[in-house]
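Coordinate analysis (summary)
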Amino acid sequence: MTANSSATLQTALPLPTARAGLWWGLLGVAAFSLTVPFTRMVVDGGGMSPLFVSCGRAVVAAALAAVALGVTRQRRPRGGQWARLAIVAGGVVFGFPVLTSFALATASASHSVVVIAVLPAVTAVLVVLRVRERPRASFWVTAALGAVAAVGFAAVQGGGLGGLHGADLLLIGAVVACGFGYAEGGLLARELGAWQTISWALVLAAVPMALLTGVSLVQDPPTGTPLDWALFGYLGVVSMFLGFFAWYRGLAIGPMAQVSQVQLVQPVLSICWAALLLHEQLTWATVLGGAAVIACAGTAVRSRLR
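Residues numbered from 1 in each chain as written. Predicted model: local features only at pLDDT ≥ 70, side-chain atom pairs only at ≥ 80, totals over all residues. Heavy atoms only, no water.

Quick note on the threshold: UniProt positions are given in the numbering used here, feature names are shortened, and annotations may be inferred rather than shown by experiment.
Where an unreviewed UniProt entry is consulted, the protein chain appears under the name DMT family transporter, with the organism given as Promicromonospora alba. Under the heading Sequence similarities (unreviewed entry), UniProt records this for the protein chain: "Belongs to the EamA transporter family." The UniProt entry for the protein chain carries the following text under Subcellular location (unreviewed entry): "Membrane".

Here it is, written out as C-alpha cells:
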C-alpha cells in the first residue's frame, strides 16, 4: 500500500463512520445521474454508434486509470483478486455501458430510467448473498417501498412500462450485470482501495474494449459537434472513472446494503436532467414522486443492520 492509497484496511471489513459512506455514495450517484441523458443525446442525435459510445468511453477511462496507477505505483492485485476484478469489469465496464447504449438507441431516457430504477434493490439482494449482510426486516420493507416508488414515479413520467421490448431486455441485463459489479467492487474496494478497484478493472478490460472501439470506428465512423464530444468526454472521464471513486468508496465504508439504496434518488435526478437537457415536461407529479423516492431512500439508509 502506498501513501496515496485510499485503502485503509487489508481485510474485507466495513470501514468506520457509516454516515460518510452514504455521502460518498450520494456523490457517486450525482455523477452517474447524467449518464443516461448524455448517452441518449450522443447516441440518438450525436452521430455516434452505441458500440463506439460504450466501448470508446471505457478506453478513455482505462487510459486515465493506467496513468493514475503508474504514477502512484499501486501494488498489483494478487491471486483471486484478478478473477473478482473480472466480475467488476464485466458488470460496470462492459455489461452496463454496452447494454444501456444499445437500449438507448431506441428507448427514451425516461423509459430507460424506469427499468434502471430497480438497480438498488438488485444490488442489495446481491450484497446480502455475497457479503452476508443481514438487514432488519424494516430495511427490506423500506427498500422495497423505495424501489416501488422509484419505478412507479419513473413509469408515470415515461408513459408506463407497456410491453416488454428488446430494449427492456437489454436494460434488465444491464441492471443485473451492474448489480454484480457493484457488489463485488464494493467488497474489493475494502482491500484494494476505492479508485484502485475501478482502475484495475478498467485496465483489465482495456484490450477487448479497445478492439471493439476499433471495430466501431471502421463500421460507423463517429461524427458530432463539439458539444457531442464534450458529452462523450464526460461519459469517459466522470461516468466511467471519477464517479466510481466516490461510489466504491461509499460501498467500501458501507454497510453496502444500505449505501446501495442511496441510488434510489438517481431516477429523480436523471429525469430532472432529462427535463433540462431533453426538454421533457417537469410536472407536480415529478416533484411529489421525487419527494416520495427520496423519503423512502432516507428511511432505508437509516435502517440498522443486525
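Having seen the structure, we can now continue with the description.
1. Quick look at helix H4 (residues 81-103)
Selection criterion: Strands are runs of DSSP state E lasting at least 2 residues, helices are runs of H or I lasting at least 4, and numbering of each runs from the N terminus. How far a helix is expected to stretch is found by multiplying one less than its residue total by 1.5 Å. Bend, in this description, refers to the angle at a residue between axes fitted to the seven residues ending there and the seven starting there.
Relative to the 33 Å expected for 23 residues at 1.5 Å per residue, H4 spans 31 Å between its end C-alpha atoms, a close match to the ideal helical length. For H4, the principal kink sits at Gly95 and spans about 40°; a proline, Pro97, occurs within the next four residues.

2. Some remarks on empty space enclosed by the protein
Definition in use: A 1.4 Å probe that fits but cannot get out identifies a cavity on a 1 Å grid over protein atoms alone, an open set with protein on both sides within 12 Å along at least five of seven lines counts as a pocket, and a residue lines either if it has an atom within 4 Å of a point. Grid points are joined across faces, edges and corners, and a volume is the space filled by probe spheres set on the points.
Evaluated as defined, the whole model comprises three cavities of 30 Å³ or more. If you add up the space inside the largest cavity, you get close to 150 Å³. Phe32, Thr35, Phe96, Tyr182 and Phe244 are, among the 16 residues lining the largest cavity, the residues nearest its centre. Going through the elements one at a time, helix H2 (35-44), H4, helix H8 (166-192) and helix H10 (226-253) are the ones with two or more residues in the lining of the largest cavity.

3. Re unusual backbone geometry
Of note, the phi angle at Arg73 is positive, near 55°, even though the residue is not glycine. Relative to the assigned elements, Arg73 resides in the loop between helix H3 (50-72) and H4.

4. Concerning the nonpolar core
Put simply, the test is: To define a nonpolar core, start from buried Ala, Val, Leu, Ile, Met, Phe, Trp, Tyr and Cys residues and group those joined through side-chain atoms within 4.5 Å. The classification of residues rests on relative accessible area computed with a 1.4 Å probe and restricted to protein chains. Under 20% of the type maximum is buried, over 50% is exposed, and intermediate values are partly exposed. Any two residues whose heavy atoms approach within 4.5 Å at even a single point are treated as in contact.
In this structure, Val92, Val93, Tyr182, Leu202, Phe244, Trp247 and Tyr248 are the most contacted members of the largest nonpolar core, which totals 59 residues. Per-element accounting of this core gives the leading share, 11 residues, to H8. Phe244 has contacts with Phe32, Val92, Tyr182, Ile198, Ser239 and Arg249, leaving out every residue within four places of it along the chain. Among the nonpolar cores identified, the runner-up in size contains 13 residues, and Ala31, Phe38, Val42 and Val53 belong to it.

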